[in-house]
Amino acid sequence: MKIYYTLTGQKEVFEPLIPSRVSMYACGVTVYDYCHIGHARSAIIFDVIRRYMRYKGFQVTYVRNFTDIDDKIINRARQENVSWDVIAKQYTDAYYEDMDMLGVGRADVEPKATEYINEMIEIIKALIGKGIAYVSDGSVYFSVDKFPGYGKLSKRDMEEMLAGARVDVDKRKKNPLDFALWKNSKEGEPFWESPWGLGRPGWHIECSAMSLKHLGESFDIHGGGADLLFPHHENEIAQSEAFTGTPFAKYWVHNGFITIDKEKMSKSLGNFFTIREVLDKFDPEVLRFFLLSTHYRSPIEFSDEQLREAESSIDRYYTTAVRTNDFLERNDSGYKELSGTGKSFSELLSAFKESFEEAMDDDFNTAQALGHIFELIRECNRFLDSKPSGQEAGELILKTRELLTETGTVLNIFNRTPLEWYSSLMHVKNIGLSEEDILEQIGKRQDARNRKDWQTADIIRRDLEEKGVLLEDKKDRTDWKIKVG
RNA sequence: GGCGGCGUACCCAAGUGGCCAAGGGGGAGGUCUGCAAAACCUUUAUUCAGCGGUUCAAAUCCGCUCGCCGCCUCCA
C-alpha cells in the first residue's frame, strides 16, 4: 500500500510503526457553526481510510478531536448571548447528526480540547523548562527559532515567511512567527487556571496533547484539510517533537478543497454550502459518492449538476441490484453449462477484488475503485442479458452481490435496498405521492393494459412521469422508480 | 515575492515510461418492448493546453510558453 506523504511530496510505501496496527489522528472541527461540505469531504476521506485499513486487516485506532474552545466559539456565544459551552454542545450535536447522515462512523476516541487542559499545561510547562517556550504578558508562546525543523512540513523557509510580511506584528512575541500555546484570558472570556494565570489553550496545542495521550509520542497517520498544513500541522510538529524528542506523525495526509466556480469554498468568501443545505435536495449517499468520485488530494468542483450525475450513477447501481435480486429469486438451480459470456464474466469476477485493492492501495484512489465497480456492474448486466440459468450462474450472481457489498462497505455506499433508495429519493425530491398511490396507479394501468387499452395505460404512465415517477414493465409485473439526474 | 498544484472527449474524471487512453453523465444509431423504460451493443480523444528535448518507446520524464487555482492570516 502506498500513501502520498506531504513531507516528501511523493507516494511512500505504508509501513505502520507496529505491524498490523494503524494509529491515525484527524483534525476534526471547531464547533461554532454547522458543518459545510468541506468538512464532509475531510470526514469522509478519513472514514474511508479507516474502513479500508480495517478491511486490510489492520487493527485501527482512530482519533478525531473536537475543538470546543476557541475565539470563534466565544464570539458566537457572545452574539447569541449564551455561554460558550452551549454553543459547543449545540454544534457538536449538529455535527453528529450530519455525520450520521453521511455514513461517517464515530472515531474510536473523540476527545474534546477542554477535557485535556491539564495535559496541555504539562506540555507547556515542559517546553518552558526546555527554553523552547516563553511567558509574555500572561500568555505563553512557542519560540520557533528554537525548533530547527520549523517549516519542514509545509516546505517553508522562515526568512521568506517573514519577508512575506503577512504575519501580524505582535509586541508580545519575540519572533512574529511564534505562536500561542496559552492565551491570557480577557475580561468576560472563559478561563482555566494555569501557572501563568487565568487563560485558555492556544489552538495547536490541543492536538499535540490529545494525540500524545491516545496514540503515543509517535503514530502512523495524521491528516486534515490542506488548509491545516500551515500553520496548524507545522506547529503541531514543532510542539510535539520539541516536547518528546521523537518524530511525531509518520505519514501526513491532506485532502484537497472543494471549489465553487473554480474558487476555494470558504466561509470568508461566503461561497459555501452546509451539509444540511445539500441534504435538503439530495440523498446523503449522493454527496458521499460525489466526494469519493475524485481523488482526495485533487480539488473538486461542486455544483448541482455534478450531484445529479452522481445521483444517476448510484441509480445505475440500484437498478442492477433489482435485476440481480430478481434473477436469484427465479433462477432454477439445476445444472447448466455456463455460456461464453458467463465464462468471461466469471474471469472478471475473480479479478475484481484485486483490481479494487490495487486502486485503494494506490493512495486510496476511490475514483479508480469506483471505475472498477461500475465495470463489474456493466459486465453483470451483460451476463444477465444473456439470459443465464442454472446453479453456476446463480453462484456468479451471488458472488457479484457479495463483492459489491464488501467493497461498498469500505466506501460505505451501496448498502441499502433499492426500495430504500427510491423511498429516500421520493422524499428528497418531494414527489408528493405515497408508495400506495403509485401502486394504485400501476394497478389501474395494468387493467388498461390487460384490455389492450394502450392509450389509457400510456396516459397513466405519462402522468406519473411528470411527477417524477418512472414505470418499468417487466415480464410479470411493473416496477416503479424515481427519476434521477 | 516565496512555495505547491492543475490543464485528458460535449461535461465530470482515472491513468505518471510500453497491452485497444478506465469509469460515470450526456449525444447519435441499433437490439429488446404493445409503446416505453431499464439493460446491452456500436459510436462520440490516432490523442492527452502549446512548443521543443531525453528515450527503441511519453499523456506520463526534462525545459520553455500560455491558462487556471491554492498556501504563505482563521479556515476541512
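Analysis parameters
Residues numbered from 1 in each chain as written. Chains lettered and ligands numbered in written order. Predicted model: local features only at pLDDT ≥ 70, side-chain atom pairs only at ≥ 80, totals over all residues. Heavy atoms only, no water. Helix = DSSP H or I, 4+ residues; strand = E, 2+ residues; numbered from the N terminus. Buried < 20%, exposed > 50% of the residue type's maximum accessible area, 1.4 Å probe, protein only. Contact = heavy atoms within 4.5 Å. Areas by Shrake-Rupley, 256 points an atom, 1.4 Å probe, with all protein chains shown as cover. Lys, Arg positive; Asp, Glu negative; His and termini not counted. Charge placed at Lys NZ, Arg CZ, Asp CG, Glu CD. Expected span 1.5 Å × (residues − 1). Arc of directions from axis to C-beta. Near = heavy atom within 4 Å. Polar contact = N/O pair within 3.5 Å; in protein donor to acceptor, adjacent residues only side chain to side chain. Nonpolar A, V, L, I, M, F, W, Y, C, P; charged D, E, K, R; others polar. Bend = angle between axes of the 7 residues up to and from the residue. Domains from an automatic or database assignment. Pairing = 2+ DSSP bridges. Axes fitted to C-alpha atoms, helices over the stretch in contact; angles between N-to-C directions. Salt bridge = Lys/Arg side-chain N within 4 Å of Asp/Glu carboxyl O. Phe/Tyr/Trp six-rings, centres within 6.5 Å; stacked < 30°, edge-to-face > 60°. Lys NZ or Arg CZ within 6 Å of the ring centre and 35° of its normal. Core = buried A, V, L, I, M, F, W, Y, C linked by side-chain atoms within 4.5 Å. Left-handed = near helix turned anticlockwise from the far one by under 90°.

Q: In this structure, what is going on with the overall build of chain A? I would like to understand it.
A: Scanning chain A from N- to C-terminus turns up 16 helices and 15 strands. Its C-alpha atoms give chain A principal-axis dimensions of roughly 90 × 50 × 35 Å. Expressed as a percentage of the 485 residues in chain A, the buried residues total 52%. Partitioning the intrachain contacts of chain A with sequence separation of at least 6 by distance along the chain shows that 77% fall at a separation of at least 24. With an accessible surface of roughly 22,400 Å², chain A has 48% of that area assigned to carbon and sulfur atoms. Within chain A, one finds 65 positive and 81 negative side-chain charges whose respective centroids are separated by 1 Å.

Q: Would you explain helix 4 (residues 117–129) in this entry?
A: Turn by turn, an α-helix covers 3.6 residues, leaving residues three or four places apart pointing in a common direction. The end-to-end C-alpha distance of helix 4, which contains 13 residues, comes to 18 Å, matching closely the 18 Å that a straight helix rising 1.5 Å per residue would cover. Residues of helix 4 that are buried: Ile117, Met120, Ile121, Ile123, Ile124 and Leu127. Within helix 4, the buried residues cover an arc of 165° as seen down the axis, which keeps them to one side. Away from its buried face, by an angle of more than 90 degrees, helix 4 presents the exposed residues Asn118 and Gly129.

Q: Is there a simple way to explain the protein's contact with RNA strand B in this structure?
A: Among the 55 residues in the neighbourhood of RNA strand B, the closest are listed as Lys72, Trp203, Gly225, Ser313 and Arg461. Each atom of RNA strand B within 4 Å of the protein belongs either to a base or to sugar and phosphate, the latter forming 64%. Here lysine 264 contributes a side-chain N or O atom positioned 3.0 Å from a phosphate oxygen of RNA strand B. Within the side chain of arginine 461, one N or O atom sits 2.3 Å away from a base oxygen of RNA strand B. No other element matches helix 12 (residues 366–385), which puts eight residues into the surface near RNA strand B. Tallied by class, the residues present in the surface near RNA strand B amount to 13 nonpolar, 21 polar and 21 charged.

Q: Explain helix 11 (residues 340–361) here, please?
A: Along its 22 residues, helix 11 runs 32 Å from first to last C-alpha, staying within 8% of the 32 Å computed at 1.5 Å per residue. Approximately 40° is the largest bend angle found in helix 11, and it occurs at alanine 351. For helix 11, the set of buried residues is Gly342, Phe345, Leu349, Phe352, Phe356, Ala359, Met360 and Asp361. Looking at the buried side of helix 11, the elements it contacts are strand 1 (2–5), helix 1 (37–55), helix 12 and helix 13 (391–411).

Q: Teacher, can you tell me more about the domain arrangement of chain A here?
A: Bring the parts together and some accessible area is lost; that lost area is often taken as the interface size. Taken domain by domain, chain A consists of domain 1 (2–281), domain 2 (304–416) and domain 3 (431–482). Centre-to-centre separation of domain 1 and domain 3, based on C-alpha positions: 54 Å.

Q: I would appreciate a short explanation of the sheet that holds strand 7 (residues 179–184) in the present structure.
A: Sheets are built from strands that pair by backbone hydrogen bonding, the pairs being arranged parallel or antiparallel. Spatially, 5-6-7-8 is the arrangement adopted by the four strands of the open sheet, whose pairing is antiparallel. The sheet is open, and its two edges are formed by strand 5 (133–136) and strand 8 (199–201), each paired on a single side. When the angles between neighbouring strand axes are averaged without regard to direction, this sheet yields 20°. Lying over the sheet, helix 4 contacts strand 5, strand 6 (139–142), strand 7 and strand 8, oriented at roughly 120° with respect to strand 7.

Q: Could you clarify how one ought to interpret the pattern of salt bridges in this entry?
A: Side-chain pairs of opposite charge can arise where the charged atoms are in close proximity. Throughout the structure, instances matching the rule amount to 48 salt bridges. Taken together, the shared-partner salt bridges connect Asp47, Arg50, Arg51, Arg54, Asp108 and Arg288 into one network.

Q: What am I meant to see in the packing of aromatic side chains here?
A: Any pair of aromatic rings gets described here by the distance separating the centres and the angle formed by the planes. Within this structure, the stated rule accounts for 31 aromatic pairs. Between phenylalanine 374 and phenylalanine 414, the aromatic rings sit 6.3 Å apart at their centres with planes inclined by 90°, giving edge-to-face as the arrangement. Residue phenylalanine 374 is located in helix 12, and its partner phenylalanine 414 is located in the loop between helix 13 and helix 14 (418–428); the two are separated by 40 residues in the primary sequence. When its relative accessible area of 17% is taken as the criterion, phenylalanine 374 is described as buried. By relative accessible area, which is 4% here, phenylalanine 414 ends up buried. Pairwise contacts between aromatic rings join Phe289, Tyr317, Tyr318, Phe374, Phe414 and Trp421 into one cluster. The ring of tyrosine 32 has lysine 72 sitting right over it, with the charged end atom 5.5 Å from the ring centre.

Q: Whenever I open this one, the sheet that holds strand 3 (residues 21–30) confuses me. Can you help?
A: One open sheet accounts for four strands, arranged 4-3-9-10; its pairing is parallel. The strands lining the two open edges of the sheet, one partner per strand, are strand 4 (59–67) and strand 10 (249–255). Mean inter-strand twist for the sheet, computed between neighbouring axes without regard to direction, equals 20°.

Q: What exactly am I supposed to notice about the nonpolar core here?
A: By size, the foremost hydrophobic cluster in this structure holds 146 residues, and its most contacted members are Met53, Phe142 and Leu287. Sorting elements by how many residues they give to this core places helix 1 first, with ten residues. Setting aside chain neighbours within four positions, we find phenylalanine 142 in contact with Leu127, Ile132, Ala133, Phe147, Asp178, Phe179, Leu181, Ala238, Gln239 and Ala242.

Q: I'm lost on the side chain of arginine 200 in this one. Help?
A: Looking at the secondary structure, you find arginine 200 in strand 8. Here arginine 200 falls in the buried class, since its relative accessible area comes to 4%. A polar side-chain atom of arginine 200 sits 3.5 Å from a polar atom in the side chain of glutamate 189. Once residues lying within four places of it in the same chain are set aside, the contact partners of arginine 200 are Ile69, Asp70, Asp71, Ile74, Trp182, Lys183, Glu189, Pro190 and Trp192.

Q: Even after reading the chapter, I still don't get the environment of alanine 88, so can you show me in this structure?
A: Looking at the element boundaries, alanine 88 is found in helix 3 (residues 84–101). Between the alpha carbons of alanine 88 and asparagine 175 there is a distance of 33 Å; along the sequence they are 87 residues apart. In this structure, alanine 88 is in contact with Val31 and Asp68, ignoring residues within four places of it in sequence.

Q: Explain the packing of helix 10 (residues 304–330) against helix 13 to me, please; I cannot follow it from the model alone.
A: The description of two packed helices rests on the angle between their axes and on the distance between the axes. At a minimum axis separation of 10 Å, helix 10 and helix 13 run at an interaxial angle of 145°. Note that helix 10 runs across helix 13; the crossing there is left-handed. When helix 10 is examined against helix 13, the residues Tyr317, Thr324, Asn325, Phe327 and Leu328 are found in contact with a partner set consisting of Ala393, Gly394, Ile397, Leu398, Arg401 and Leu404.

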